[in-house]
Each structure stands twice: as structure tokens, then as C-alpha cells.
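# Coordinates in review
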Amino acid sequence: FTYLISASWHPKRRRNSVPITANNPWLKERMKFGKVDAGEDAFFYVGTNEGVALGVADGVGGWTQMGIDPATFSWALMDNAASIAKEFNSYQLSLFNAPNGSTDILDAKQILSGAFDNLIKSGKVKAGSSTACILSLSKTSGILNAATLGDSAYLLIRNGQLLYESPSQQHFFNCPYQLTVVPEDFPNQKLYFKDRPSDAYQASHQLQDGDVILLATDGFFDNVFTEEAVSIVNNELRDVIGRDRKMWGNDYEELRSHVRRLSRTLTNTARRCSMDSKR
């Protein structure tokens, strides 16, 4: 299996944060901002010996009111996930037991768990929280293994139709499941939800040639209906999906250009819809 991946993002308008003062000692240290300005979101994708691992995370924006940049948590989580996926075997994590008996698939839930554990152990992130969605794709068996926590999600589209949409996990409206770090001296400890990687929803799929996977935070899904997303995918890829794969050989550049354009179109659509007061 060959996977063609493209990433695209738009930062939403950043909220004003509470100034750091001597009375707020837990706010004195901040991490460097993420690799790109994706607002409060972060992402990763890496090639591994087994296949490909990728993920998105959405830092919970309410932390800005405490003077904390939500992006520090989401980027730390995704950077850790990339490291875990690259060195999966060295962490002595078990592989995913696929229904078809394949034993070459990185377990997405264990990637998420390892990433969060390392975030806590490092102590670099003093406070924050995030949703997450991590996918592991095998290059030999074509199995996709997924772990989703909160309202970051993915769609699996096959032959122009929606085959699967990952479920959203929420405690109540606008309060998704989230991984959280709260300092011991932080006020109102009981007000924070502290979900665990074990709470993530896990699923697996047998992929087929031509499948399209759309992975995004709620910045996309809150602004674009699922049927609209499927329509955009079909419009952008209608000239290439369904072609005899033999014609591609090892030259995927034309297909890559379509995937890159699709990624930008999806993200641009979400941004445009987010600014439309009538939506």
C-alpha cells in the first residue's frame, strides 16, 4: 500500500490571554510555539518501518483565560506521538492485533498513551489540555488502526461514498473528552476533566485501493457538514480516483498534486464557512 499525505491549516483568531504576573507562578514558563501557526491545533505524520502514523490535536482554548497558550500542549502531544511512532519497538509497546491476524500494525491507542505519558514525565508543559485523533496505517496489510479522544475525528471515503465517520466524545455540549495537565497548586482542581488515553475510542478498517481518509480537528468539522466534505473530495479527485493503478507505475506526482489541492480546498472551505454569520 502506498499512502499519499498532505496537511493544510488555518489559524483562527487568537484570544487575548491573561498577563503573566508574579502572582501566577505556574505561568512563568512557556514552550516555544509550534512548528507552524495552526492556531491551537497541532499535527504530525511520519513514515515508519511498518507504514505511516499521523494525528491531529486541538488545544482547549479556555486555557487562554489563564494566560496559557493552548498550542503548547497540543504540539507537545503530537511531537511525542511522532517520536513514539518512529521508535515504537524501543518503547516495548505491543502491536495491534488485527482481525485478519496481521501483526505489523502500530497500535494507535498505545501511541497516544505513550505520547501523553512522556508529556507528563518531561514536565515541560505546566498546564493545558487537548483532544486527539491518531491513525496508524500498515503498508503491507492495508489495515488502518485509529484512536480518537474528544471531537477530533476522521472520515473514511470509498468509491465516492462515506464509509465511516468516527464518533465524537463529549461530557456535555462544547466540552469534549480531553487529556489534561493541571498543576497541583492550580485553583479549582475539581473543575477540570482529566480523561485518559484509555478512554479513547479505537477502531480498525481494512483499506482498499483509492480510499480517502480525512483527518481533522473540530475546526473543520464544526464548519463543514460531512456530506459537504465528501462532495469536495469527489470533486477534487474525480479525475484520478478509479483509474487503473497500473498506469501510475511509481510516478505518483500527478496524484500528489491532487491530494495537496484537496487538502487546501477542504481547509479553505472550513475557514470561509467559519466567517459566514449565516451558517
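Residues numbered from 1 in each chain as written. Predicted model: local features only at pLDDT ≥ 70, side-chain atom pairs only at ≥ 80, totals over all residues. Heavy atoms only, no water.

The protein chain appears in an unreviewed UniProt entry as 4069_t:CDS:1 from Cetraspora pellucida.

## Brief notes about the pattern of salt bridges
Note the threshold: For this document, the term salt bridge refers to a Lys or Arg side-chain nitrogen within 4 Å of an Asp or Glu carboxyl oxygen. Counting from the N terminus, the helices are the DSSP runs of H or I reaching at least four residues and the strands are the DSSP runs of E reaching at least two. Here the term buried applies to any residue with accessible area under 20% of the maximum for its type, exposed to any over 50%, and partly exposed to those in between, with areas from a 1.4 Å probe on protein chains only.
Per the stated rule, a full pass over the model turns up six salt bridges. The salt bridge involving R279 is made with E228; its shortest N-O contact spans 3.0 Å. With R279 in the segment after α5 (253-274) and E228 in helix α4 (residues 226-237), this pair connects stretches of sequence that are 51 residues apart. Residue classification places R279 among the partly exposed positions, given a relative accessible area of 46%. Three or more residues are tied together by salt bridges with common partners; here these are E253, R256 and R260.

## Overview of helix α1 (residues 70-86)
So the rule is basically this: Helix span, as expected, comes to 1.5 Å for every residue beyond the first. Polar contacts, as counted here, are pairs of nitrogen or oxygen atoms within 3.5 Å of one another; within protein the pair requires one atom able to donate a hydrogen and one able to accept it, and residues that are adjacent in sequence qualify only if both atoms are side-chain atoms.
For α1, which comprises 17 residues, the first-to-last C-alpha distance of 25 Å matches the rise-based estimate of 24 Å (1.5 Å per residue) to within 8%. Along α1, 14 of the 17 residues are buried, which leaves the element largely enclosed by surrounding structure. Of the residues flanking the start of α1, the one acting as N-cap is D69, its side-chain oxygen 3.0 Å from the backbone nitrogen of A71.

## Overview of unusual backbone geometry
Positive phi outside glycine occurs at N159, with the angle close to 55°. You can see N159 is positioned in the loop between β5 (153-158) and β6 (161-165). For N174, which is not glycine, the phi torsion reads 65° and is therefore positive.

## What about the pairing of strand β11 (residues 212-216)?
Going by this rule: DSSP-based pairing: two strands are paired if at least 2 bridges between them are found.
By the criterion of burial, β11 is predominantly enclosed, with four of the five residues buried. One ladder, built from five bridges, connects β5 with β11; its direction is antiparallel. If you follow A153 over to β11, its bridge partner there is A216.

## A few points about the sheet that holds β5
So the rule is basically this: Inter-axis angles, ranging from 0 to 180 degrees, are taken between N-to-C directions of lines fitted to C-alpha atoms, where helices are fitted over the stretch in contact. Contact definition: two residues touch when any of their heavy atoms are within 4.5 Å.
As summarised here, the arrangement of the three strands in space is β6-β5-β11, forming an open sheet in which the pairing is antiparallel. A single partner strand is all that each edge strand has here, and the edge strands are β6 and β11. Across the sheet, the axes of successive neighbouring strands diverge by a mean angle of 25°, strand direction being ignored. Packed onto the sheet, α4 meets β5, β6 and β11 and runs at close to 50° relative to β5.

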